[in-house]
Amino acid sequence: MFLHGPSGCGKSTLLSAIAGVVEVPKEAMRVADQDIAALRGSVRDRFRVDHIGMIFQVFNLIPWLSALENVLLPCTFSQRRRTRAGDDPAGTARRLLDELGLSDPSLTSKQAHELSVGQQQRVAAARALIGKPDLILADEPTSALDEAAKAAFVELLARECAEAGAALLFVSHDRGLERHFDRGVDFQDLNRRAA
Amino acid sequence: MLGFSLRSLWNRRFVAGLTVMAISLSVALILGVERLRDGARDSFANSASGIDLIVAPRSNPVQILMATVFGVGGTGTGMTWESFEWLEDRPEVAWAVPIQMGDNHRGYPVIGTDAAYFEHFRHSGGQPLSLAAGGFFSSDGPDDAAVVGAEVASRFGYAPGAVIVNAHGSGEVSFDLHDDAPFTISGVLAPTGTAVDRMVFVTLEGFDTLHAQEDAPLADPLDPADKPADGHDEHEDHGEHEGTEAGHGHEPDRINAVYVGLIDRTNVLGLQRAVNERPSDALSAVLPAVALAELWGITGTAERAMCLMAWAVALAGMIGMVVMLSATLDTRRREFAILRSVGATPTRIFALIVTEAAVLTAAGLILGLVLLTVATFVTDPILSARFGLRLGLNVFGARELATLFLIFCAGLLASLIPAVRVYRMTLADGLSVRL
């Protein structure tokens, strides 16, 4: 799903609500058949990493970890993601990076801050996808990319999500990207209906 | 979490390194000050062990102790040989050793005494003096015999048979050499770790002889009554020394002090009173332990000031760590948000900060111990040579381990300030930080 709207209309807040970071009323939000508001504290944190992968706009990676280590982070904190990443999570991470166009071993072992913005976004996508979470939340991940790179990245992301069987909620103010998605929703429409 | 903290700190290794340095310096300083104090106290206490009473011309007990046991300073006018004999003949006295002072050998104090010194002196919890080479001098041996302490021998490469010349006064540099009255080394003492290592012992007769020989040129030809204005004015009548006597051999007119050992230590206060009340000679009888306690009372203020400074440096090190951890928090907000998005709870991020502080403090402690060990290794010979202090490369004692533990806990406590900030920040920021 593609969710678009101008800056400041509440897109990122909605993503935070879905991820269970901001409080919502009970039964207002269900993720992977779970009422997110019914979960408390560390249970909600664990649910988030087990079921949701996230891609940010910029500053997506831990700068002092290598690309491969960044991809493997969810497997460090989530047993479910680690199990679903297969017997060899590092191998799975390399395969994901390879499919996202980062096959060069010298790139995967580089520290994140040494990569270009486009490469960083692809590493962030691989990290969101590893361990096959049910939902990928992407918060304007293409805003730092040029037009050609934007389209290529979105296509790549959509294809990987389809292969992993994950739902993709892609938030952007750039309506030009809507054609890559099954559904497009104008956030301002949602706000108007809610009002 | 530890590996993660190490990687994170390595990423900020310059600032983290400075923090570790600050902590390590404070650790080395705190433990160094403690060791210096303990070393000084042990060295002093060991040097005076076995002596029940020190009798010297009336003066301050600390001054008498410093002069007679450590060869620092003087005891004023000498006491008469009659007083020594009176003391020696007291029924409660087991032994009495006469002490003459006031000369130096290349900066090291020269003590005039007799063979009884080597027989009765005890150090480091009751150990007698032993020889590394040669033999002690005796009353029936040559007058120009000398026994040197281990440090004097090793510093100047002395061995039995070597001829040495002493100088007047107690300074390291002297222009008044007794080169007309040389001594021949008869023995070299084994190391004791006390002030004895830094002393040169000569016979009473030898000590007197060299001053008798110098009296003539020192006298003022215009004023025959003029006496040298130093601690040896008591020797102006050396020409009148009488022959030898059984026991002590040569009997000088005046001596500087007497070490006394008692048959029964419970009589020490009675003898002290008897000495203090002796009308013919103004004498003081000093209990070494009491004088040491008085000395520690005097130096206590300086010790406390040094300790306070050392702890202030430690506090500055801790504040430096809090500043370093806090200053990086804002730039690390996105890092924490990413960690939260991949499953790290606020508690785990709190633990990350505390672990980082623990790593920094532990590294500071280890580096501090290394610094202390290196500093001890380097300064030990210098402190030993100049002040007679032996710090020693000891294993760390219970008190030192307790101090280290205290500093470690202080480091963890200090880290709670930035850790609590991070905890609140990661809860409030959630996953949507905008930089």
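Parameters at a glance
Residues numbered from 1 in each chain as written. Chains lettered and ligands numbered in written order. Predicted model: local features only at pLDDT ≥ 70, side-chain atom pairs only at ≥ 80, totals over all residues. Helix = DSSP H or I, 4+ residues; strand = E, 2+ residues; numbered from the N terminus. Buried ≥ 20, exposed ≤ 12 C-beta atoms within 10 Å, placed from the backbone. Contact = placed C-beta atoms within 7 Å. Pairing = 2+ DSSP bridges. Nonpolar A, V, L, I, M, F, W, Y, C, P; charged D, E, K, R; others polar. Axes fitted to C-alpha atoms, helices over the stretch in contact; angles between N-to-C directions. Core = buried A, V, L, I, M, F, W, Y, C linked by C-beta atoms within 7 Å. Parallel < 35°, antiparallel > 145°, perpendicular 65-115°, else oblique. Left-handed = near helix turned anticlockwise from the far one by under 90°. pLDDT = per-residue confidence, 0-100.

> Summarise the overall build of chain B; cite the residues concerned and give the values.
A count of helices and strands for chain B gives twelve helices and 15 strands. Every one of the 435 residues in chain B was classed for burial, and the buried ones make up 44%. Long-range pairs, those at least 24 residues apart, make up 78% of the contacts in chain B with a sequence separation of at least 6.

> Please provide a residue-by-residue account of the overall build of chain A, values included.
A count of helices and strands for chain A gives nine helices and seven strands. When each of the 195 residues of chain A is scored for burial, the buried share is 45%. Partitioning the intrachain contacts of chain A with sequence separation of at least 6 by distance along the chain shows that 73% fall at a separation of at least 24.

> Account for the environment of Pro74(A), naming residues and giving values.
Along the chain, Pro74(A) falls in helix α3 (residues 67–77). Not counting the four nearest positions on each side in its chain, Pro74(A) is found in contact with Val49(A), Arg81(A), Arg127(A), Ile130(A), Gly131(A), Val342(B) and Gly343(B).

> For the pairing of strand β14 (residues 257–262) of chain B, give the residues involved together with the corresponding values.
Residues and elements named next belong to chain B. Where strand β1 (residues 53–57) and β14 come together, three bridges link them in antiparallel fashion. Bridge pairing links Val55 to Val258 in β14. As paired strands, strand β3 (residues 93–105) and β14 are joined by six bridges and run antiparallel to one another. Considered in β14, the bridge of Pro98 is made with Val258.

> Could you give an account of the interface of chain A and chain B, naming the residues involved and the relevant values?
Opposite the 21 residues of chain A that make contact, chain B presents 15 residues. Per element, the largest residue contribution to the side of chain A that touches chain B is five residues, and it comes from helix α2 (residues 41–51) of chain A. Broken down by class, the residue content of the side of chain A that touches chain B amounts to 13 nonpolar, five polar and three charged.

> Could you give an account of unusual backbone geometry, naming the residues involved and the relevant values?
Phi is positive for Glu27(A), close to 65°, though the residue is something other than glycine. Structurally, Glu27(A) is set in the loop between α1 (11–18) and β2 (30–31). Exposure remark for Glu27(A): the 10 C-beta atoms within 10 Å place this residue in the exposed category. Positive phi is not limited to glycine here, since Arg106(B) has a value of about 50°. Structurally, Arg106(B) can be placed in the loop between β3 and β4 (108–113). Overall, the presence of 15 C-beta atoms within 10 Å leaves Arg106(B) in the partly exposed class.

> Break down the environment of Asn60(A) for me, with residues and values.
Mapped onto the fold, Asn60(A) is located in the loop between β4 (52–55) and α3. Classification of Asn60(A) by C-beta neighbours within 10 Å gives buried; the count is 25. The spatial distance from the C-alpha of Asn60(A) to the C-alpha of Gln120(A) is 7.1 Å, given a sequence separation of 60 residues. Apart from residues lying up to four places away in sequence, Asn60(A) is in contact with Ile55(A), Gln120(A), Gln121(A), Ala124(A) and Ile338(B).

> How would you sum up the sheet that holds strand β7 (residues 184–186) of chain A? Please name residues and give values.
Strand pairing within a sheet occurs via backbone hydrogen bonds; the two strands may be parallel or antiparallel. Residues and elements named next belong to chain A. Pairing in this open sheet of five strands is parallel, and the strands run β4-β5-β6-β1-β7 from one edge to the other. Of all the strands in the sheet, the pair left with one neighbour each is β4 and β7. Averaged over all neighbouring strand pairs, the angle between strand axes comes to 15°, with direction disregarded. Of the strand pairs in this sheet, β4 and strand β5 (residues 135–139) are connected by four bridges, and their pairing is parallel. Opposite Ile52, over in β5, you have Leu135 as the bridge partner.

> Break down helix α10 (residues 333–341) of chain B for me, citing the residues and quoting the values.
All names here are of chain B. Most of α10 sits out of view: eight of its nine residues are buried. Restricting attention to buried positions, one finds in α10 the residues Arg334, Glu335, Phe336, Ala337, Ile338, Leu339, Arg340 and Ser341. Positive phi appears at Gly343, one or two residues downstream of α10, with a value of about 110°.

> How would you sum up the environment of Ile52(A)? Please name residues and give values.
Among the structural elements, Ile52(A) can be located in strand β4. Measuring from C-alpha to C-alpha, the distance between Ile52(A) and Ala167(A) comes to 9.5 Å, with 115 residues separating the pair along the chain.

> With reference to specific residues and values, describe the nonpolar core.
The biggest cluster of nonpolar side chains holds 87 residues, and the ones touching the most others in it are Val71(A), Leu97(A), Val123(A), Ala126(A), Leu137(A), Ala138(A) and Ile353(B). Broken down by element, the residue count for this core peaks at ten residues, all from helix α2 (residues 13–47) of chain B. If we skip the residues at most four places from it in the chain, Ala138(A) touches Ile55(A), Leu157(A), Leu168(A), Leu169(A), Phe170(A) and Val171(A). With 63 residues, the next largest nonpolar core counts Ala48(B), Ala96(B), Ala146(B) and Ala285(B) among its residues.

> I'd like to hear about the packing of α3(A) against helix α5 (residues 89–99) of chain A, residue by residue, with values.
Each pair of packed helices can be described by the angle between their axes along with the distance between the axes. All names here are of chain A. The N-to-C vectors of α3 and α5 enclose an angle of 120°; their axes lie 9 Å apart at closest approach. One way to sum up the angle between α3 and α5 is to call them oblique. Relative to α5, α3 is oriented so that their crossing is right-handed. Residues Ala67, Leu68, Val71, Leu72 and Cys75 of α3 form the contact with α5, whose own contacting residues are Pro89, Ala90, Ala93, Arg94, Leu96 and Leu97. Taken together, the residues of the contact of α3 with α5 sort by class into ten nonpolar, no polar and one charged.

> So what's going on with the confidence of the model for chain B? Which residues, and what values?
As a general rule, the predicted coordinates of low-pLDDT regions are not to be interpreted in detail. Residues and elements named next belong to chain B. Per-residue pLDDT for chain B averages 79, and the proportion of residues at 70 or more is 83%. Note that pLDDT drops below 50 for residues 215–246; the model gives that stretch 36 contacts with residues more than four away or on any other chain. Scored as a whole, the predicted complex attains pTM 0.67, and scored at its interfaces, ipTM 0.80.

> Explain the packing of α2(B) against helix α9 (residues 288–327) of chain B residue by residue, including any values.
Residue and element names in this part refer to chain B. Axis separation between α2 and α9 bottoms out at 8 Å; the angle between their running directions is 170°. Compared by their axis directions, α2 and α9 come out roughly antiparallel. For the contact of α2 with α9, the class distribution of residues is 20 nonpolar, four polar and three charged.

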